[in-house]
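# Coordinate analysis (summary)
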Amino acid sequence: ASACSVYFWPQANRPKSDGGKIGILHVKCVVADGHRMFLSSANLTEYAFTINMELGLLVTGGNLPGEVERHFDRLVASGI
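The sections below set out a description of the structure shown in this document. Worth saying up front: this structure is predicted, and the values here are computed from it rather than measured.

Cut-offs and rules
Per chain, the residues get numbers from 1 upward, laid out in the order the sequence is written. Local features in a predicted model are, by the rule used here, given only for residues with pLDDT of at least 70; side-chain atom pairs are given and counted only at 80 or more, and totals for whole chains, interfaces and linings are based on all residues. Heavy atoms throughout the structure, all of them, feed into the side-chain values; hydrogens and water do not. Only runs of H or I of at least four residues qualify as helices and only runs of E of at least two qualify as strands under DSSP, and these elements are numbered from the N terminus. C-alpha atoms define the radius of gyration, and 2.2 Å times the number of residues to the power 0.38 defines the globule rule. Only protein chains enter the accessibility calculation, which uses a 1.4 Å probe. A residue is then buried if its area is under 20% of the maximum for its type, exposed if over 50%, and partly exposed in between. For this analysis, residues touch if any pair of their heavy atoms sits within 4.5 Å. What sets the accessible areas is the Shrake-Rupley method with a 1.4 Å probe; for residues, cover comes only from the shown protein chains. Under the convention used here, Asp and Glu are negative, Lys and Arg are positive, and both His and the chain ends fall outside the count. Lys charges are placed at NZ, Arg charges at CZ, Asp charges at CG and Glu charges at CD. What makes two strands pair is DSSP finding at least two bridges between them. Axis definition: a line fit to C-alpha positions, over the contact stretch in the case of helices; interaxial angles, taken between N-to-C directions, run 0 to 180 degrees.

Scanning the chain for helices and strands turns up two helices and three strands. Ordering the α and β elements of the chain from the N terminus gives β-β-α-β-α. Its C-alpha atoms give the chain a radius of gyration of 15 Å, clearly above 12 Å, the size a compact globule of 80 residues would have. Referenced to the eigenvectors of the C-alpha coordinate spread, the extents of the chain come out at roughly 40 × 35 × 25 Å. Going through the 80 residues of the chain one by one, you find that 15% of them count as buried. Taking as baseline every contact in the chain between residues at least 6 positions apart, the subset at least 24 positions apart corresponds to 36%. Summing over all exposed atoms, the chain offers an accessible surface of approximately 6,600 Å²; the carbon and sulfur share of this is 59%. Averaging the positions of the 7 positive and the 7 negative side-chain charges in the chain gives two centres separated by 6 Å.

Below, the structure is given as structure tokens:
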């Protein structure tokens, strides 16, 4: 855990619809070293781990993990 970085999307930085609805952070993804990525439907809750049916995909290698990692890096660098 000490080697991980966890980011959040402040409400002040989120777009709003014309009706005032604020964008929701709904991403469940972990990227490691631009080589591995885990993408999941699971919210990190007790129910997700105990009674819900969830699905995740582990991608190892290829371009996708690095592309997603760079995307997150750009979001962080731009203050989003």
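What follows concerns the environment of Ala32. Mapped onto the elements, Ala32 comes out in strand β1 (residues 29-32). The exposure class of Ala32 is partly exposed, given its relative accessible area of 26%.

This part is about the sheet that holds β1. Strand pairing in a sheet relies on backbone hydrogen bonds. The paired strands run either parallel or antiparallel. Taken in spatial order, the three strands line up as β1-β2-β3 in an open sheet, and their pairing is antiparallel. The sheet is open, and its two borders are formed by β1 and β3 (56-60), each paired with just one other strand. In this sheet, adjacent strand axes meet at a mean angle of 10° when their direction is disregarded. As paired elements, β1 and strand β2 (residues 36-40) share four bridges and run antiparallel to each other. If you follow Ala32 over to β2, its bridge partner there is Arg36.

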